[in-house]
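# Close look at the chain arrangement
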Amino acid sequence: APQGRLLCGPGLRRSRAGLLVTKCGLLRHRPGGGGAYWVDSQQKRYVPVKGDHVIGIVTAKAGDVFRLDVGGSEPASLSYLAFEGATKRNRPNVQVGDLIYGQFVVANKDMEPEMVCIDSSGKSSGMGIIGQDGFLFKVSLGLIRKLLAPKCEIIQELSQLYPFEMVLGMNGRIWVKAKTVQQTLIIVNILEACEYMTAEQRKQALAKLSGN
Amino acid sequence: FMQRGLDSQTIKQLEEEEKKIISEEHWYLDVPDLKEKESCIIEERSFLRCEDLVYGRMSFKGFNPEIEKLMIQMNSKCKEEKIEEDDKMEADVSDEEMARRYETLVGTIGKKFLRKRDQRVLKDDDEDEDDEVEEGNSNTRPSKRAKKMFLKPQD
């Protein structure tokens, strides 16, 4: 936010007399960068927001455009040229049912959301088709934000267990892949249960697992 | 004197009169200007700009090395300032050493490009200073000198 201007984030809306609160939750404040206030609310349903990185499932191929289900009210569209190194001759190999990690380029309540798999400089930087195998599951949006916080304890503890790979989408979807099916399922169960466990319970559960 | 065109003054007067006529014809609101409300508040709907969130794609214990490289890259964008400071501190070679090495370096590389005659002259000079480098050459030197000079046949 430019200097002197306050950023009012999700859950707050500007009105004539000041700010209105539109969601219930905890009010958070960030002092740096001109100051920002937002409401930390909990919900399961995702609303597409521009700039968010999400995991989408390809539901249909309509000519040059793919339709992705991102968990919002409408399917998002993704053009086949929005991949790194894609040209008219060189099309990306996307099938119905594939998982795609991309970001929103257009996302407002009046238009259909549009996604791309490259960033502003034309590089993919990790976005694109997510590989074979793995497990996709849904959690609430609040948990995702907790996991994405810098220095998240849950992730640090999990990373000590087994080698694995994880993709977190802001729409509540997590994709996990580990070496064996059992390990994958263990990680999935821990992440799902993390929401309602306290830190001690979680450490106990992890201690049991690493002991086994 | 001859006047083909109008004087500049009369031209100006005519222009002003034209402008007056035109501006009187224009309609304007007799209402004071509304002050532009300078909004000090920006609305934002994404959590990404409020909180400091990490990149969503992660890999641990070497499962996917490309993504691990990406993780370091993306997360270091936030910490660019720290990295710049470290570079100044962690110079392997200090500035003084660099200056010393560079001095001698210029000399040794400069010798490479001298012609043969100049090289011999250099060797004579260097012999007085360093014996180490020209050890090999010093053996040949007396024989060359001997070749040059006329040897008197010994009686």
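Here the structure is shown first, and the text comes after it.
Residues numbered from 1 in each chain as written. Chains lettered and ligands numbered in written order. Predicted model: local features only at pLDDT ≥ 70, side-chain atom pairs only at ≥ 80, totals over all residues. Heavy atoms only, no water.

## Examining the overall build of chain B
Threshold: Put simply, DSSP marks the helices as runs of H or I at least four residues long and the strands as runs of E at least two long, and each gets a number from the N terminus on. Relative accessible area decides the class of each residue, using a 1.4 Å probe on protein chains only: under 20% of the type maximum gives buried, over 50% gives exposed, and in between gives partly exposed. Whether two residues are in contact is decided by their heavy atoms: any pair within 4.5 Å suffices. Note on areas: these come from Shrake-Rupley sampling with a 1.4 Å probe, and a residue is covered only by the protein chains present in the view.
The helix and strand inventory of chain B stands at six helices and two strands. In sequence order, the secondary structure elements of chain B are arranged as α-β-β-α-α-α-α-α. Per-residue burial for chain B yields a buried fraction of 13% across its 155 residues. Intrachain contacts of chain B at a sequence separation of at least 6 include 3% that bridge at least 24 residues. With an accessible surface of roughly 15,300 Å², chain B has 53% of that area assigned to carbon and sulfur atoms.

## Brief notes about the layout of surface pockets
Stated formally: Note on definitions: the grid is 1 Å and covers protein atoms alone; a cavity is a set of points where a 1.4 Å probe fits but cannot get out; a pocket is an open set with protein on both sides within 12 Å along at least five of seven lines; lining residues have an atom within 4 Å of a point. Grid points are joined across faces, edges and corners, and a volume is the space filled by probe spheres set on the points. Note that Gly is not counted as nonpolar here; it falls among the polar residues with everything else outside the nonpolar set of Ala, Val, Leu, Ile, Met, Phe, Trp, Tyr, Cys and Pro and the charged set of Asp, Glu, Lys and Arg. The source of the domain bounds is an automatic or database domain assignment.
Within this model, the second largest pocket holds a volume of roughly 490 Å³. In terms of lining residues, the second largest pocket is bounded by 24 residues, among which A:Pro10, A:Gly11, A:Lys23, A:Val49 and B:Arg45 are the most central. Of all the secondary-structure elements, those providing two or more residues to the lining of the second largest pocket are β2 (12–14) and α1 (141–147) of chain A. In terms of residue count, the dominant contributor to the lining of the second largest pocket is α1(A) (three residues). Within the lining of the second largest pocket, the residues separate by chemical class into 10 nonpolar, six polar and eight charged. Split by domain, the lining of the second largest pocket shows at least three residues from each of two domains, domain 1 (7–40) and domain 3 (135–211) of chain A.

## A word on the side chain of A:Thr184
Residues and elements named next belong to chain A. Mapped onto the elements, Thr184 comes out in helix α3 (residues 181–193). What makes Thr184 buried here is its relative accessible area of 7%. Among all residues touching Thr184, those that are not within four sequence positions of it are Phe135, Val176, Lys177 and Ala178.

## What to know about the pairing of strand β4 (residues 26–30) of chain A
Residue and element names in this part refer to chain A. Here is the rule we go by: Two strands make a pair as long as DSSP finds a minimum of two bridges between them.
Here β4 runs beside strand β5 (residues 36–40); their pairing, made up of five bridges, is antiparallel. What sits directly across from Arg30, in β5, is Ala36. Hairpin connection between β4 and β5: a loop of five residues separates the two successive antiparallel strands, and Gly33 in this loop has a positive phi of roughly 65°.

## Quick word on the sheet that holds strand β2 (residues 57–60) of chain B
For clarity, the cut-off: Axis definition: a line fit to C-alpha positions, over the contact stretch in the case of helices; interaxial angles, taken between N-to-C directions, run 0 to 180 degrees.
Spatial ordering of the open sheet is given by β12(A)-β14(A)-β13(A)-β2(B), a layout of four strands whose pairing is antiparallel. The strands lining the two open edges of the sheet, one partner per strand, are β12 (135–138) of chain A together with β2 of chain B. Averaged over all pairs of adjacent strands, the angle between strand axes in this sheet comes to 20°, irrespective of strand direction.

## Things to note about the packing of aromatic side chains
Formally: Aromatic pairs are defined between Phe, Tyr and Trp rings, using the six-membered ring for Trp, whenever the two ring centres lie within 6.5 Å; interplanar angles under 30 degrees are classed as stacked, those over 60 as edge-to-face, and all others as tilted. Comment: the charge-over-ring label is applied if NZ (Lys) or CZ (Arg) is within 6 Å of the ring centre and within 35 degrees of the ring normal.
Following the criterion strictly, the structure yields four aromatic pairs over all chains and no others. The ring of A:Tyr80 carries the charged tip of A:Arg91 above its face, separated from the ring centre by 4.3 Å. Looking at A:Arg145, its charged tip hangs above the ring of B:Phe47, at a distance of 3.7 Å from the centre.

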